[in-house]
Amino acid sequence: MTSLRIGVKLTLMKKLSLYLFLVLMFSLFTSYSFAENIPRNDPVPEGVMYRGINEEQWKTIEKIGDPLNCRKRVYDFQQIKDYNIIGPEDCKGNMNCIQDALSKNKHVKLKEGNYKIYSSIVVYKKVLTGENGNVIINAEGVGGRAVMVNEGIVANININFAKDIAFDIKFDSLVYRSVARNTGVKSSSTTKGHGFSVVDYGLDRSRTKDDLKNGKGFSFNSCLISLESSYGYNESGGSCCIKGGNADGFQIKYGAADVTLIDTHAHHNTDDGFDFWKAGRKSDEPVIRIFYSSANYNGKHPTKSNGDGNGYKFGSKNRLQKDRGKDWGARLIYGSVACNNKMNGFDKSKSPVKIISLGNQSKKNRKVNFHKVSNKKIKDDKNLLKCSMFKK
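Residues numbered from 1 in each chain as written. Predicted model: local features only at pLDDT ≥ 70, side-chain atom pairs only at ≥ 80, totals over all residues. Heavy atoms only, no water.

On to unusual backbone geometry, then. The phi torsion at Asn-156 lies on the positive side, around 60 degrees, for a residue other than glycine. Checked against the element boundaries, Asn-156 lands in the loop between β8 (153-155) and β9 (158-160). For Asn-156, a relative accessible area of 14% translates into the label buried. At Phe-161, a position not held by glycine, the phi torsion is positive, near 65 degrees. Looking at where Phe-161 falls in the secondary structure, it is placed in the loop between β9 and β10 (165-169). (Helix = DSSP H or I, 4+ residues; strand = E, 2+ residues; numbered from the N terminus. Buried < 20%, exposed > 50% of the residue type's maximum accessible area, 1.4 Å probe, protein only.)

Next up, the structure:
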């Protein structure tokens, strides 16, 4: 009997040792795998609002939830080496030099310098990046959208003076380390004035009444990381929204869902910093996630008429635009700020959806800092953004 007991104990000890060994190896493998795929956090170009994302921040995002695998997408983008490189000198006699390069090559890099375009740049299943974030494209001559990306990557590009939309983002895309400034300010006919837009108006209008009732939306599966949108304006539009009442820094609207924004910054746009009007799809999980972002001084364009001027408008009332459905799916926002906006900082806007607000700060907004939004304080993250980090 004693020998049997000793044998059983030895067997249990072996099983326990094996279990502990496997747990340790899995832990080491997981840690190594995560560390192996951390994107570089290169110095940011001078004068931009985005700040870059460090390893601690990526770990926090991973812990809260990165269902679109944005971290891995940035890491994979940074591994691309085989670029076709063109510069301003290649474009002197060719107004379509950038699009021509994309038509012939999968990966295109623009040298530092100033460019001017006269038609939309379409990035479909391609990669377009700029050198050191010092590529400035004047889009004043383009009719509507400056850059259109679908199933592709756009990075390190600055767009000035787009007419309606600087970056029009569709499905399965990454937009990284880019800037939209002065959208709409040079056109008397612009109706939008958005820096970054995640909407498909055609798909939205294709939804039936049953689709809208049942929460049908569209999974854009796109990551917007380290971006800035500022000084957007719209002169024209519907009676509700003329003279600055429509120009949001970031718009994600009308059924758009499954979008993650990290280190995104909107300031001095005439309407809202971020607007999620009628966005989402039926889901038990958040369909829009925002990390380490800022919305400051919106509704306070220094030279143009202004609209509402909320920092983050999380949705809309059900009774408004009934033919376009209602908001669906929760919105999650972490470690972000809303400061000095014309109206509210974090504005639920009578949306029926859940707002998960964690570790955010809202100060000096003219009306309400947190309008119907309950914010949970976070103490153990030194990377949380603060209003004091942002100057006027």
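Turning our eyes to something else, we now look at the layout of surface pockets. Considering only enclosed or pocket space, the largest pocket measures out at about 740 Å³ in volume. Around the largest pocket, the lining is made up of 35 residues, and of these Cys-240, Cys-241, Asp-275, Trp-277 and Lys-313 lie nearest the centre. Here the lining of the largest pocket is built from residues that sort into seven nonpolar, 16 polar and twelve charged. Its boundaries defined by the atoms lining it, the second largest pocket holds a volume of some 410 Å³. Arg-40, Asp-42, Gly-130, Asn-132 and Asn-156 are the residues nearest the centre of the second largest pocket, which is lined by 19 residues in total. Elements with a contribution of two residues or more to the lining of the second largest pocket: α3 (70-78), β5 (127-130) and β11 (174-181). Each residue belonging to the lining of the second largest pocket can be placed in one class, and the counts come to six nonpolar, seven polar and six charged. (1 Å grid on protein atoms, 1.4 Å probe; cavity = no way out; pocket = protein on both sides within 12 Å on 5 of 7 lines; lining within 4 Å. Points joined across faces, edges and corners; volume = space filled by probe spheres on them. Nonpolar A, V, L, I, M, F, W, Y, C, P; charged D, E, K, R; others polar.)

Attention now goes to the packing of aromatic side chains. Scanning all chains against the criterion turns up 14 aromatic pairs. Taken together, a centroid distance of 4.7 Å and an interplanar angle of 5 degrees make the contact between Phe-250 and Phe-274 stacked. Within this pair, whereas Phe-250 is found in strand β14 (residues 250-252), its partner Phe-274 is found in strand β16 (residues 274-275), the two being separated by 24 residues in sequence. Centroid distance Tyr-312 to Phe-314: 6.2 Å. Interplanar angle 10 degrees. Geometry classified as stacked. The burial state of Tyr-312 is the same as that of Phe-314; both residues are buried. Following the ring pairs from residue to residue traces out a cluster consisting of Phe-167, Phe-196, Phe-250, Phe-274, Phe-276, Tyr-312, Phe-314, Phe-346 and Phe-370. When the ring centre of Phe-161 is taken as origin, the NZ or CZ atom of Lys-186, which lies over that ring, is 4.2 Å away. The residue whose ring lies beneath Arg-324 is Tyr-254, and the NZ or CZ to ring-centre distance is 3.8 Å. (Phe/Tyr/Trp six-rings, centres within 6.5 Å; stacked < 30°, edge-to-face > 60°. Lys NZ or Arg CZ within 6 Å of the ring centre and 35° of its normal.)

Turning to the state of the cysteines, a few remarks are in order. Going through the model one piece at a time under the given rule, you end up with four disulfides. Here Cys-240 connects covalently by a disulfide to Cys-241, the sulfurs 2.2 Å from one another. The S-S bond linking Cys-240 to Cys-241 shows a torsion near -80 degrees; that makes this disulfide left-handed. The buried category is assigned to Cys-241, whose relative accessible area is 16%. For the chain, the bonded cysteines pair up as 1-4, 2-3, 5-6, 7-8 when numbered in the order they occur along the sequence. (Disulfide = S-S within 2.5 Å.)

Attention now goes to the nonpolar core. One recurring pattern in soluble globular proteins is that nonpolar side chains are buried together. Counting 58 residues, the largest nonpolar core has Ile-98, Leu-110, Ile-137, Ile-159 and Phe-167 as its most contacted members. No other element matches strand β15 (residues 256-267), which puts five residues into this core. Once you skip the residues sitting within four places of it in the chain, Ile-137 turns out to touch Ile-98, Leu-110, Tyr-115, Ile-117, Ile-121, Ile-157, Asn-158, Ile-159 and Asn-160. Grouped together as the second largest cluster of nonpolar side chains are 24 residues, Trp-58, Cys-70, Ala-155 and Leu-332 included. (Core = buried A, V, L, I, M, F, W, Y, C linked by side-chain atoms within 4.5 Å. Contact = heavy atoms within 4.5 Å.)

All right, on to the sheet that holds strand β4 (residues 121-124) then. With respect to topology, nine strands assemble into an open sheet ordered β4-β7-β10-β12-β14-β16-β19-β22-β25, the strand pairing being parallel. The open sheet has two edge strands with one neighbour each: β4 and β25 (370-371). (Pairing = 2+ DSSP bridges.)

Positive charge collects at one region of the surface, where Lys-363, Lys-364, Lys-377, Lys-379 and Lys-386 lie side by side. Turning to its location among the elements, Lys-377 is positioned in the segment after β26 (375-376). (Patch = residues over 30% accessible without salt bridge, like charges linked within 9 Å, V, L, I, M, F, W, Y side chains within 5 Å. Areas by Shrake-Rupley, 256 points an atom, 1.4 Å probe, with all protein chains shown as cover. Salt bridge = Lys/Arg side-chain N within 4 Å of Asp/Glu carboxyl O. Lys, Arg positive; Asp, Glu negative; His and termini not counted. Charge placed at Lys NZ, Arg CZ, Asp CG, Glu CD.)

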